[in-house]
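Chains, contacts and geometry: an overview
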Amino acid sequence: MAKRILVVEDNDLNRKLFCDVLRSQGYAVEPVADGLDALERARQFVPNLVIMDIQLPNVSGLDLIEAAKKDPVLRAIPVLAVTAYAGKGDEDRIREAGAEGYLAKPVSIGPFMAAVRALL
């Protein structure tokens, strides 16, 4: 059975790219454009990995990671944070929120897939 990956990304092009690349590698993918839907979709889809954009409208990806890590159903699911904000201290804050992986945008396919495989 294919590993399941929830992709939370508000940018249409990035979301499509991530989903297309993951599907081409045999993963089952569930795209989410609005962070407000992310935790509910995660509970329904039960992914093996969540790829989480940090800069989302309406809600911060950091807040979503923290909420997921407090949820008994979601806490064990690893999170790969992907963000355009790669300033000093950002990775530390993101990892402190509970993300097991971190990539700065723009994302290259090789490092992206290496990070996905490492967390699965």
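Parameters at a glance
Residues numbered from 1 in each chain as written. Predicted model: local features only at pLDDT ≥ 70, side-chain atom pairs only at ≥ 80, totals over all residues. Heavy atoms only, no water. Axes fitted to C-alpha atoms, helices over the stretch in contact; angles between N-to-C directions. Helix = DSSP H or I, 4+ residues; strand = E, 2+ residues; numbered from the N terminus. Parallel < 35°, antiparallel > 145°, perpendicular 65-115°, else oblique. Contact = heavy atoms within 4.5 Å. Nonpolar A, V, L, I, M, F, W, Y, C, P; charged D, E, K, R; others polar. Buried < 20%, exposed > 50% of the residue type's maximum accessible area, 1.4 Å probe, protein only. Arc of directions from axis to C-beta. Polar contact = N/O pair within 3.5 Å; in protein donor to acceptor, adjacent residues only side chain to side chain. Core = buried A, V, L, I, M, F, W, Y, C linked by side-chain atoms within 4.5 Å. Pairing = 2+ DSSP bridges. Phe/Tyr/Trp six-rings, centres within 6.5 Å; stacked < 30°, edge-to-face > 60°.

Per an unreviewed UniProt entry, the chain carries the name Response regulator and comes from Novosphingobium soli.

On to the packing of helix H3 (residues 61-70) against helix H4 (residues 90-97). Direction vectors running N to C along H3 and H4 enclose 30 degrees, while the axes themselves pass 8 Å from each other. As far as their axial angle goes, H4 and H3 are roughly parallel. Contacts from Leu-62, Ile-65, Glu-66 and Lys-69 of H3 reach H4 at Arg-93, Ile-94 and Ala-97. Looking at the contact of H3 with H4 residue by residue, the class counts come to 4 nonpolar, no polar and 3 charged.

Before going further, it helps to examine helix H2 (residues 38-45). Taken as a whole, H2 has its buried residues at Ala-38, Leu-39, Ala-42 and Phe-45. Down the axis of H2, the buried side of the element spans an arc of 135 degrees, and every buried residue falls inside it. Looking one or two residues past H2, Val-46 carries a phi angle of roughly 50 degrees, positive in sign.

Structurally, Asp-53 is set in strand S3 (residues 49-53). A polar side-chain atom of Asp-53 sits 3.2 Å from a polar atom in the side chain of Lys-105. With residues up to four places along the chain from it excluded, the contact list for Asp-53 reads Val-8, Glu-9, Asp-10, Gly-61, Val-82, Thr-83 and Lys-105.

Bringing the environment of Val-73 into the picture now. Looking at the element boundaries, Val-73 is found in the loop between H3 and strand S4 (79-83). With 27 residues separating them along the chain, Val-73 and Val-46 place their C-alpha atoms 8.6 Å apart.

What follows covers the nonpolar core. In terms of nonpolar packing, the biggest core is built from 23 residues, with Leu-6, Val-8, Val-50, Met-52, Leu-64 and Ile-65 touching the most fellow members. Going through the elements one at a time, strand S1 (4-8), H2, S3, H3, S4 and H4 are the ones with two or more residues in this core. Leave out the neighbours within four places in its chain, and Ile-65 touches Met-52, Ile-54, Val-79, Ala-81, Ala-97, Gly-98 and Ala-99.

Moving on: the sheet that holds strand S5 (residues 101-104). In spatial order, the strands read S2-S1-S3-S4-S5; together these 5 strands make up an open sheet with parallel pairing. Edge positions in the open sheet fall to strand S2 (28-32) and S5, since each of these has one partner strand only. On average, adjacent strands in this sheet sit at an angle of 15 degrees to one another, irrespective of strand direction. Relative to S3, S1 runs parallel, the two sharing 4 bridges. Counterpart to Leu-6 in the pairing with S3 is Val-50. The sheet contacts of H3 involve S3 and S4, and relative to S3 the element is tilted by about 155 degrees.

Further remarks concern the packing of aromatic side chains. Overall, the coordinates contain 1 aromatic pair when judged by the stated rule. Between Phe-18 and Phe-112, the ring centres sit 4.9 Å apart and the planes meet at 15 degrees, which makes this aromatic pair stacked. With Phe-18 in helix H1 (residues 12-24) and Phe-112 in helix H5 (residues 109-119), the pair connects residues that are 94 residues apart, well separated along the chain.

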